[in-house]
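So you can see what is in the structure, the chains are spelled out below.
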Amino acid sequence: MLGLPGRRLPSAEFLLLLPFLLLLLLLLLLPAAPAPHRAAYKPVIVVHGLFDSSYSFRHLLEYINETHPGTAVTVLDLFDGRESLRPLWEQVQGFREAVAPIMAKALQGVHLICYSQGGLVCRALLSVMDEHNVDSFISLSSPQMGQYGDTNYLKWLFPTSMRSNLYRICYSPWGQEFSICNYWHAWRKNFLRLGRLVLIGGPDDGVITPWQSSFFGFYDANETVLEMEKQLVYLRDSFGLKTLLARGAIVRCPMAGISHTAWHSNRTLYETCIEPWLS
């Protein structure tokens with residue numbers, strides 16, 4: 001091959017590869033393409049239980065921030081401490097005013113995590129808010145089917161003689177002025193707007209009686225627990241449970257070994273029963 005003295009001309013193979021090498025160099029010099037945009041997590045609203053405050057949920061808030069960074073989490077600081085004894089419908093109205101603006105800004109919907117008494121408040125919110133946009137309602141150890149008789153909370157709240165006749169007190173006009181007495185008074189509207197109902201509870205709760213009330217189970221006349229599917233509110237589809245279950249929108253997550261005050265601070269419980277539903 002002819003060429004200048006002391007120099008070799010490029011080989012034919014190199015000349016064939018030259019266009020590809022130039023293209024590769026151009027790609028390397030171009031600025032990196034932006035990462036594909038990931039849809040933001042839906043906002044989470046937390047409603048506390050009896051005698052609680054927002055501080056009780058610091059561990060839950062930490063877990064959500066770790067696993068779903070950037071999530072807007074609002075732990076509602078209403079009816080804290082002794083104020084949580086105010087009548088449930090009064091509390092429902094207060095919480096309704098607090099969640100409405102959060103829902104209005106969340107075009108893709110919100111998640112509700114509602115603990116103990118808060119689960120009853122949230123269930124009522126789903127009934128009275130015509131345009132709610134709740135994707136997941138996570139009911140965390142809440143007496144959804146009611147409370148039977150005594151609880152550990154009442155050991156210091158009422159004297160023994162009063163506790164033994166608590167049902168008479170709670171059905172009196174005076175008794176109905178307290179949230180815990182509203183547990184014995186059970187209501188379907190807008191419930192089917194709900195995307196998913198997640199029910200969480202367990203046999204070592206120690207407060208919810210029977211503990212299956214967290215799953216809409218309750219005693220029959222012989223004090224035998226009947227599961228949700230055997231309850232009249234389910235069979236009559238009174239507020240949508242049967243319809244939700246038929247479309248696969250009810251999740252039951254039983255967990256043993258967790259006491260009532262530990263549901264919102266147990267990491268294993270969070271990872272198993274809550275985190276999967278926070279889209």
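This text gives an overview of the structure that appears in the document. Bear in mind the structure is a predicted one, so any value in this text is a computation, not a measurement.

In terms of burial, strand β3 (residues 110-115) is a largely internal element, six of the six residues being buried. The alternating pattern of β3 places V110, L112 and C114 and H111, I113 and Y115 on opposite faces, both of which are buried. In the sheet, β3 pairs with strand β4 (residues 134-140) via six bridges, with the strands oriented parallel. Following the sheet pairing, Y115 is matched in β4 by L140. For the handedness criterion, the β-α-β arrangement of β3, helix α4 (residues 117-128) and β4 is classed as right-handed.

On to helix α3 (residues 88-105). Taking 1.5 Å per residue as the helical rise, α3 with its 18 residues ought to reach 26 Å, and the 26 Å between its terminal C-alpha atoms agrees with that figure. The sharpest bend along α3 reaches about 30° and sits at V99, with the proline P101 one to four residues further on. Inspection of α3 places L88, Q91, V92, G94, F95, V99, I102 and M103 among the buried residues, and these make up the whole buried set.

Okay, the packing of aromatic side chains next. According to the stated counting rule, one finds seven aromatic pairs in the structure shown. When the ring of Y63 is compared with that of Y270, the centres are 5.5 Å apart and the planes differ by 40°; the resulting orientation is tilted. With relative accessibility at 8%, the residue Y63 sits in the buried group. For Y270, a relative accessible area of 1% puts it in the buried group. Pairing F191 with F239 gives two aromatic rings, centres 5.3 Å apart and planes at 85°, and the pair type is edge-to-face. Within this pair, whereas F191 is found in the loop between α8 (179-182) and β5 (196-201), its partner F239 is found in the loop between α9 (232-235) and α10 (241-246), the two being separated by 48 residues in sequence. Taken together, the ring pairs connect F191, F216 and F239 into an aromatic cluster.

Taken N-terminus to C-terminus, the directions of helix α2 (residues 58-67) and helix α11 (residues 267-274) make an angle of 55°; their axes are 11 Å apart at the nearest point. In terms of their interaxial angle, α2 and α11 are classed as oblique. You can see that α2 and α11 cross each other, and the crossing is right-handed. Judged by residue contacts, L60, Y63, I64, E66 and T67 of α2 engage R267, Y270 and I274 from α11. Of the residues belonging to the contact of α2 with α11, the class tally is five nonpolar, one polar and two charged.

With respect to the helices and strands, the residue S142 is situated in the loop between β4 and α5 (154-157). With near-sequence residues (within four places) excluded, S142 lies in contact with S116, G119, L120, I200, I208, S213 and S214.

One open sheet accounts for six strands, arranged β2-β1-β3-β4-β5-β8; its pairing is parallel. The strands lining the two open edges of the sheet, one partner per strand, are β2 (73-75) and β8 (250-254). Neighbour-to-neighbour, the strand axes of the sheet open up by a mean angle of 15°, direction not taken into account. Contacts between α3 and the sheet are confined to β1 (44-47), β2, β3 and β4, with β1 contributing the most and set at about 170° to the helix.

This brings us to α4. The end-to-end C-alpha separation of α4 is 17 Å, in line with the 16 Å expected for 12 residues at 1.5 Å each. Where burial is concerned, most of α4 is hidden: 12 out of the 12 residues are buried. Among the residues of α4, Q117, G118, G119, L120, V121, C122, R123, A124, L125, L126, S127 and V128 are the ones counted as buried.

About the cut-offs
Residues numbered from 1 in each chain as written. Predicted model: local features only at pLDDT ≥ 70, side-chain atom pairs only at ≥ 80, totals over all residues. Heavy atoms only, no water. Buried < 20%, exposed > 50% of the residue type's maximum accessible area, 1.4 Å probe, protein only. Helix = DSSP H or I, 4+ residues; strand = E, 2+ residues; numbered from the N terminus. Pairing = 2+ DSSP bridges. Right-handed = clockwise from strand over helix to strand, strands pointing away. Expected span 1.5 Å × (residues − 1). Bend = angle between axes of the 7 residues up to and from the residue. Phe/Tyr/Trp six-rings, centres within 6.5 Å; stacked < 30°, edge-to-face > 60°. Axes fitted to C-alpha atoms, helices over the stretch in contact; angles between N-to-C directions. Parallel < 35°, antiparallel > 145°, perpendicular 65-115°, else oblique. Left-handed = near helix turned anticlockwise from the far one by under 90°. Contact = heavy atoms within 4.5 Å. Nonpolar A, V, L, I, M, F, W, Y, C, P; charged D, E, K, R; others polar.

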